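# Tertiary structure, described
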Amino acid sequence: MSFFVRAMRESDIERVMTIAASLAEAPHWPREAYIAAIAPDSTLRRVALVAQFADGVAGFVVASVLAPQSELESIAVTSTAQRQGVATALLRELTGELSASGVEELLLELRASNARAADFYEQYGFMPAGRRRSYYQDPVEDALLLRLNLPKNKS
Ligand SMILES: CC(C)(COP(=O)(O)OP(=O)(O)OC[C@H]1O[C@@H](n2cnc3c(N)ncnc32)[C@H](O)[C@@H]1OP(=O)(O)O)[C@@H](O)C(=O)NCCC(=O)NCCS
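Values in this document were obtained by computation on a predicted structure and should not be read as measured data. (Residues numbered from 1 in each chain as written. Predicted model: local features only at pLDDT ≥ 70, side-chain atom pairs only at ≥ 80, totals over all residues. Heavy atoms only, no water.)

## Comments concerning the overall build of the chain
A count of helical and extended segments in the chain gives four helices and seven strands. Order of helices (α) and strands (β) in the chain, N terminus to C terminus: β-α-α-β-β-β-α-β-α-β-β. The C-alpha atoms of the chain give 15 Å as radius of gyration, which agrees with the globular expectation for 155 residues (15 Å, within 12%). Once the C-alpha set of the chain is aligned to its principal axes, its extents read approximately 45 × 40 × 30 Å. Within the chain, contacts between residues at least 6 apart in sequence are counted, and of these 59% link residues at least 24 apart. Of the roughly 8,700 Å² that the chain leaves accessible, carbon and sulfur atoms contribute 51%. With 16 positive and 19 negative side-chain charges, the chain shows a separation of 4 Å between the mean positions of the two kinds. (Helix = DSSP H or I, 4+ residues; strand = E, 2+ residues; numbered from the N terminus. Rg over C-alpha atoms; globule rule 2.2 N^0.38 Å. Contact = heavy atoms within 4.5 Å. Areas by Shrake-Rupley, 256 points an atom, 1.4 Å probe, with all protein chains shown as cover. Lys, Arg positive; Asp, Glu negative; His and termini not counted. Charge placed at Lys NZ, Arg CZ, Asp CG, Glu CD.)

## So, the pattern of salt bridges
Going through the model one piece at a time under the given rule, you end up with nine salt bridges. Salt-bridge contacts for Glu10 lead to Arg31; the nearest nitrogen and oxygen are separated by 3.2 Å. Linking Glu10 in the loop between β1 (3–7) and α1 (13–21) with Arg31 in helix α2 (residues 31–38), this pair joins segments that are 21 residues apart in sequence. For Glu10, a relative accessible area of 47% corresponds to the partly exposed category. Relative accessible area serves as the criterion here: at 35%, Arg31 is assigned to the partly exposed category. A salt bridge links Asp142 to Arg133; the nearest nitrogen and oxygen atoms lie 2.9 Å apart. (Salt bridge = Lys/Arg side-chain N within 4 Å of Asp/Glu carboxyl O. Buried < 20%, exposed > 50% of the residue type's maximum accessible area, 1.4 Å probe, protein only.)

## What about the sheet that holds strand β3 (residues 56–66)?
Strand order in this open sheet of seven strands is β1-β2-β3-β4-β5-β7-β6, and the pairing throughout is mixed. Either end of the sheet is taken by a strand with one partner, and the two such strands are β1 and β6 (127–136). If you compare each strand with its neighbour and ignore which way they point, the axes differ by 25° on average. Bridge count for strand β5 (residues 105–111) against strand β7 (residues 141–149) is seven bridges, and the pairing is antiparallel. Bridge pairing in β7 links Glu105 to Asn149. Its contacts with the sheet place α1 against β2 (45–53), β3 and β4 (69–77), and it is angled at close to 90° to β3. Across the sheet, helix α4 (residues 115–124) lies against β4, β5 and β7, angled at about 160° from β5, the strand it touches most. (Pairing = 2+ DSSP bridges. Axes fitted to C-alpha atoms, helices over the stretch in contact; angles between N-to-C directions.)

## Considerations on the side chain of Thr88
Inspection of the secondary structure assignment puts Thr88 in helix α3 (residues 86–100). Residue classification places Thr88 among the buried positions, given a relative accessible area of 18%. In this structure Thr88 touches Phe120, Gln123 and Tyr124, once residues within four positions along its chain are discounted.

## Describing the nonpolar core
Formed by 31 residues in total, the largest nonpolar core has its most connected members in Leu72, Ile75, Leu91, Leu94, Tyr121 and Phe126. Those elements that provide at least two residues to this core are β2, β3, β4, α3, β5, α4 and β7. Looking at which element gives the most residues to this core, the answer is α3, with six residues. If we ignore the near neighbours within four places in the chain, the residues touching Leu91 are Leu72, Ile75, Leu106, Phe120, Tyr124 and Phe126. (Core = buried A, V, L, I, M, F, W, Y, C linked by side-chain atoms within 4.5 Å.)

Shown next, in the form of structure tokens:
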């Protein structure tokens, strides 16, 4: 099935929260956090995108931007739409927008046990950038830090 990537809107938030809630590894943000993420006047600028299929939204990504760095805060694809390139398309659009905003480095941290996401990030080109001991709670677990260098915007 085909899909396209577009900016997240307030009307997407309920669906986005449902997707996150269905995936144990996804960050479970409250509604206000998504509202802040899409607000144009937030103190911390964010890029929030969704993958739109004919029958609805199936995935999303949120990154905070503090050029020349950005942090990938959340990415999730509903289980029935996984392994179809949805997260890859979300990241491609995200990194394009970030490069255009002067971001040169995209960083993220993930639970050391999240092998599925680690495989995904590795194939996309992220490199290991460190480890934070006992960073996560419930259950306590190390965080792996990953980094992706973005091409410099020549315009
Ligand atoms: C990680 C996640 C976002 C990947 O989404 P996706 O849309 O299925 O990813 P893609 O289809 O773009 O995958 C691209 C490539 O990544 C790798 N990959 C993705 N999922 C994988 C898995 N379960 N096992 C092994 N490799 C995987 C593969 O190389 C894949 O290419 P292929 O399908 O041709 O083999 C999705 O599994 C997910 O939502 N997980 C739960 C939430 C989460 O962990 N988020 C990250 C922490 S915030």
